[in-house]
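Residue-level listing of the chains:
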Amino acid sequence: MTVNVLLDSRELVEGALASLCAGTGPVTIDIESTGLSPVVDKIAGVAVHDPETGTSYYLPVSHLYTRNASPEEFMGLHDAIVHRQWIAHNAKFDGAFLVRDGWSRYPDHCTMIMVKVIDFTRQAGLKALSEARGFDQQHFEELVDYKSGHNISELPASRCLSYVCDDVEQCWITYVEESAKLATLPQAEIYKLEMRVLPFVGEMEVEGILVDTAELEKVGVFSGAKADEITPRLWAKFKEALGCPGPALCRAPCTEANPGCEFIIHSPKKLSLMLYKYLGLAPQGKRPKVKPGKSANEGSVDKVAITLLAASTGFEWVNWINDYKEALKAKGMAKTFIDAVGIDGKIHTTFGQVRAISGRFSSASPNLQQVPAHPSKWAKAPLPRDVMEAIGLDPDLPVPTFRGAFNAGPGRYLLSIDYSQIEMRIFAVMAQVMALVNGFNAGLDAHSNTASIIYDVPIERVTEEQRTRSKTMGFGMIYGMTESGLSNKLNILQAEGKRIYARFFEAIPEFRRFLTATHEFCARYGGVYTQYGRWVPIPDINDRAQNIRSKAERLSVNARIQGSAADVMKVAIARVGTFLRSRGNDDIKMLLTVHDELVFSVSDAISPLEAFNMLSPYMVTKFGTLELTVDAEYGSAWGLMESLFKKEVVGEAEPGLVFDTARLSEDGFLGDVTDLLEYYQAGDEGLLVSFRNLNGTFTLHTSRVSAAIIPSIDILDPGHRYVTVP
């Protein structure tokens, strides 16, 4: 039976430290804190369970009515167990507080991550795990009324002893049970990866990213004004479509007997009635679920349904409904972000390593992954000059954006490095689509190459429309897009979407085989593995209902590809984080991971190219027969980035400068694919090719250099080593 000891005297502390120092095996640890933020909250106490002696200790640090540990005793606990492995249930949370206050490292094991890696569908809370094995553990809310603003440090440590010691003991039991399971499973390597990543994710959370709240306020004001501007236009269109005889009827309440046009647009029920009952439009998309006792709406009003409705009716103005909703959402998001800014002027999001079934990072409090990479069409269009001035915005300045509010601060800049078309590359390798693999290896643009295959035309004759459609199809198929979904995305008729959908499978038969093999494996084993060995359970794969089963099949394919991409990102974070830690300074800090992108804060003393050359080798990696390459942007703010390498090429290639292919080959450019950045389509004459060397970027045509880049030749190819000027 475990003995619980409250370390509230010098003698007890000294005895405990001596006992812990004498041990060699792992210990479990857990911290209690005054809140959830390692930036502003304090450690209330540290609990340690020593399985070798069957003893659990609690060292109070900031409790009321208690003899708390001195700073020397707090660090003494660290020194007593530093040579032993540390196990925690929420290792990132505990480690962030402990490292902030002087401890040397994050815990070595995390039982919560271990449980989720073994089986994502399981409840991973320590209380739930304990109760599942019959242990009736006290819940935190039974001890502390945290909803009223109280925290555990307000209690005497003696009141908390049983609770905190139960936590570390149950953590040990969980570790023993789950580590034995993990040792027999392929997921063991994924767990090791998660633990390598964990400290660096914790450091990103604590570091946070600077935010200009004034810019966010502008985004909120602009978005609200946009919603207000769209509203009367929509009302007018509804009035026109209904054939309302006059404004009196339009202002009437929206009832079945008297449909008024000036209704609350963000009310799903009223919007549905107006579209499907009063206008008589045919419902599109999924029918909404109806709760017992509630009246049924006539049809869905989600984004997909509205887009389909606009396409099917020819009422282009129906798309304004989505614009209105997005504007309203952006207004609320701006407020959420402003409220999340801490006293240090930063947002400290919480990254979830195992909250998404695919293994991709999630972001919460607030969710920074919902920050749009590019403004929507409605957000790009400025309001009338007088309206902009009335809401306090300068009409001569660019429209405010979310990313424009995230910045590096004085003396620094942001550097964003993201994987280039990573999921398309992973799909090409996993599905063994050799035409795509060879295209990537040759440095061809992925979407132009896909279009060339699908439409059976030479890549140099691929039109922009074909490239755009192929891009949509490529990503859509990975995410399980249906025929109707493709039609909606391309804004084309269902029949045309069906034809293009079929053509995709005809042109790339490997994809059909990949789908079939994935579905069959999933149905047999109840889930799929990523390329790195992460197990993704798909519980509904054998459901009797075809729609549920079909959704599970789409998820199985997406999980393999997106999950593998997530694993690649985690490997990169571990490698980059290890490199940055070895440098021993903070001139480069890792701030955010958003999808396939890593964002860094870099000192102005380091050039963007120098920083990229330091970091990119730890991100570029082989995936099967393909190299996963990266692109880079930099700027003072996340929304003011410029490409580090790419040069925009406008217009078609023209007769111009001749380049020396032999010399390029001798110098390793034509023979080393890793130096090739991108192919740009340049009319019927051929392709523009971007190469990179340590001195920058230069752009060449396959038969001649485009006249469009003549001004930059002297900078990019000093001395005209590779280019002859006519």
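Before going into details, it helps to say that this report is about the structure given with it. Just so it is clear, the model here is predicted, and its values are computed rather than measured. (Residues numbered from 1 in each chain as written. Predicted model: local features only at pLDDT ≥ 70, side-chain atom pairs only at ≥ 80, totals over all residues. Heavy atoms only, no water.)

**Some words on the overall build of the chain**
Inference 1: Helix and strand content of the chain: 26 helices and 25 strands.
Inference 2: The buried share among the 726 residues of the chain stands at 52%.
Inference 3: A separation threshold of at least 6 residues defines the contact pool for the chain, and within that pool the share at least 24 residues apart is 64%.
Inference 4: Total accessible area on the chain is roughly 32800 Å²; 53% of this is exposed by carbon and sulfur atoms. (Helix = DSSP H or I, 4+ residues; strand = E, 2+ residues; numbered from the N terminus. Buried < 20%, exposed > 50% of the residue type's maximum accessible area, 1.4 Å probe, protein only. Contact = heavy atoms within 4.5 Å. Areas by Shrake-Rupley, 256 points an atom, 1.4 Å probe, with all protein chains shown as cover.)

**What to know about the nonpolar core**
Inference 1: Residues Phe238, Leu275, Phe406 and Phe600 are the most contacted members of the largest nonpolar core, which totals 168 residues.
Inference 2: The biggest single contributor to this core is helix α23 (residues 546-583), with 12 residues.
Inference 3: When near neighbours in sequence (up to four residues on either side) are disregarded, Leu275 contacts Phe238, Gly280, Leu281, Val301, Ile306, Leu309 and Ile321.
Inference 4: Within the second largest apolar cluster, 15 residues are counted, among which are Ala47, Leu143, Cys160 and Val164. (Core = buried A, V, L, I, M, F, W, Y, C linked by side-chain atoms within 4.5 Å.)

**Observations concerning helix α19 (residues 464-478)**
Side chains that are three or four residues apart share a direction in an α-helix, a result of its 3.6 residues per turn.
Inference 1: Taking 1.5 Å as the rise per residue, α19 with 15 residues should run 21 Å; its terminal C-alpha atoms sit 21 Å apart, in good agreement.
Inference 2: Here α19 has its buried residues at Gln466, Arg467, Arg469, Ser470, Thr472, Met473, Gly474, Gly476, Met477 and Ile478.
Inference 3: Where α19 is buried, its residues meet α16 (422-430), α18 (446-455), α20 (483-490), α21 (494-507), α22 (509-525) and α23.
Inference 4: One or two steps after α19, the chain reaches Gly480, where phi turns positive at roughly 80 degrees. (Expected span 1.5 Å × (residues − 1).)

**What to know about the sheet that holds strand β3 (residues 43-50)**
Inference 1: Judged by pairing direction, the sheet is mixed, and its 6 strands sit side by side in the order β1-β4-β3-β2-β5-β6 without closing on themselves. The two strands at the open ends of the sheet, each matched to only one other strand, are β1 (3-6) and β6 (109-110).
Inference 2: Seen against the sheet, helix α1 (residues 10-22) touches β1, β3 and β4 (55-60) and runs at an angle of roughly 130 degrees to β4.
Inference 3: Of the strands in this sheet, β2 (27-33), β3, β4 and β5 (86-88) touch helix α2 (residues 71-81), which is tilted by about 25 degrees from β3. (Pairing = 2+ DSSP bridges. Axes fitted to C-alpha atoms, helices over the stretch in contact; angles between N-to-C directions.)

**Side note on the sheet that holds strand β8 (residues 346-347)**
Inference 1: Strand order in the open sheet formed by 3 strands is β8-β7-β11, with antiparallel pairing between adjacent strands. In this open sheet, the two edge strands, each paired with only one partner strand, are β8 and β11 (406-407).

**Side note on the packing of α20 against α21**
Inference 1: Look at α20 against α21: their axes get within 8 Å of each other, and the N-to-C directions meet at 115 degrees. Taken as axis vectors, α20 and α21 run roughly perpendicular relative to one another. Helix-helix and strand crossings are classified by hand; for α20 and α21 the assignment is right-handed. The segment α20 lies against α21, with Glu483, Ser484, Leu486, Ser487 and Leu490 engaging Gln494, Gly497, Lys498, Ile500 and Tyr501.
Inference 2: Of the residues that constitute the contact of α20 with α21, the class distribution is 4 nonpolar, 4 polar and 2 charged. (Parallel < 35°, antiparallel > 145°, perpendicular 65-115°, else oblique. Left-handed = near helix turned anticlockwise from the far one by under 90°. Nonpolar A, V, L, I, M, F, W, Y, C, P; charged D, E, K, R; others polar.)

**A closer look at empty space enclosed by the protein**
In this approach, a probe sized like a water molecule rolls over the atoms, and the result shows the empty space that is left.
Inference 1: Across all of its chains, the model carries 3 cavities of 30 Å³ or more by this definition.
Inference 2: Roughly 60 Å³ of volume is contained in the largest cavity.
Inference 3: Lys116, Val117, Phe120, Val354, Ala356, Ile357, Ser358, Gly359, Arg534 and Trp535 are the residues that line the largest cavity.
Inference 4: Counted as a void, the second largest cavity has a volume near 50 Å³.
Inference 5: In terms of lining, the second largest cavity is formed by Arg360, Phe361, Gln369, Ala566, Met569, Thr593 and His595.
Inference 6: Across the lining of the second largest cavity, the residue classes tally to 3 nonpolar, 3 polar and 1 charged. (1 Å grid on protein atoms, 1.4 Å probe; cavity = no way out; pocket = protein on both sides within 12 Å on 5 of 7 lines; lining within 4 Å. Points joined across faces, edges and corners; volume = space filled by probe spheres on them.)

**A few points about the side chain of Gln369**
Inference 1: Within the element layout of this structure, Gln369 appears in the loop between β10 (362-364) and α14 (377-380).
Inference 2: Residue Gln369 is classed as buried on the basis of its relative accessible area of 17%.
Inference 3: Here the side chain of Gln369 touches Phe361 through a polar contact of 3.0 Å, landing on its backbone oxygen.
Inference 4: Residues in contact with Gln369, not counting those within four places in the same chain, are Phe361, Ser362, Ser363, Thr593, Val594 and His595. (Polar contact = N/O pair within 3.5 Å; in protein donor to acceptor, adjacent residues only side chain to side chain.)

**Some remarks on a nonpolar patch on the surface**
Inference 1: Where nonpolar side chains cluster on the molecular surface, the patch consists of Val39, Val40 and Ile343 and spans about 300 Å² of accessible area.
Inference 2: For Val39, the location among the structural elements is in the loop between β2 and β3.
Inference 3: A relative accessible area of 31% places Val39 in the partly exposed class. (Patch = residues over 30% accessible without salt bridge, like charges linked within 9 Å, V, L, I, M, F, W, Y side chains within 5 Å. Salt bridge = Lys/Arg side-chain N within 4 Å of Asp/Glu carboxyl O.)

**Description of the pattern of salt bridges**
Inference 1: Enumeration according to the criterion identifies 32 salt bridges in this entry.
Inference 2: Note that Asp596 and Arg360 form a salt bridge whose closest N and O atoms lie 3.3 Å from each other. With a gap of 236 residues between them, Asp596 in the loop between β15 (588-594) and β16 (597-603) and Arg360 in the loop between β9 (350-352) and β10 connect regions that are remote in the sequence. Arg360 carries the same exposure label as Asp596, and that label is buried.

**Section: the packing of aromatic side chains**
Inference 1: Applying the stated criterion across every chain, the model contains 25 aromatic pairs.
Inference 2: Here the aromatic residues Phe427, Tyr501, Phe504, Phe505, Phe511 and Phe514 are joined through ring pairs into a cluster of three or more.
Inference 3: The aromatic ring of Phe361 is capped on one face by Lys570, whose charged end is 5.0 Å from the ring centroid. (Phe/Tyr/Trp six-rings, centres within 6.5 Å; stacked < 30°, edge-to-face > 60°. Lys NZ or Arg CZ within 6 Å of the ring centre and 35° of its normal.)

**Some remarks on a negative patch on the surface**
Inference 1: A cluster of acidic residues, Glu131, Asp136, Glu141 and Glu142, forms a negative patch at the surface.
Inference 2: On the secondary structure map, Glu141 appears in helix α6 (residues 140-143). (Lys, Arg positive; Asp, Glu negative; His and termini not counted. Charge placed at Lys NZ, Arg CZ, Asp CG, Glu CD.)

**Thoughts on the pairing of strand β12 (residues 412-419)**
Inference 1: Counting buried positions over the 8 residues of β12 gives 7, a clear majority of the element.
Inference 2: Where β12 meets strand β19 (residues 630-635), 6 bridges bridge the pair, whose relative direction is antiparallel. Across the sheet, residue Asp418 finds its bridge partner in β19, namely Asp631.

**Remarks on unusual backbone geometry**
Inference 1: Between Ser365 and the following residue, Pro366, the backbone shows a cis peptide bond with an omega angle of 0 degrees.
Inference 2: The residue Pro366 is located in the loop between β10 and α14 in this model.
Inference 3: The backbone phi angle of Tyr65 is positive, close to 55 degrees, even though this residue is not glycine.
Inference 4: As for its position among the elements, Tyr65 is in the loop between β4 and α2.
Inference 5: When its relative accessible area of 70% is taken as the criterion, Tyr65 is described as exposed.
Inference 6: Residues other than glycine seldom take positive phi values, yet Ser365 does so here, at roughly 60 degrees.
Inference 7: Turning to its location among the elements, Ser365 is positioned in the loop between β10 and α14.

Read these as layout, nothing more, since geometry by itself doesn't imply function.
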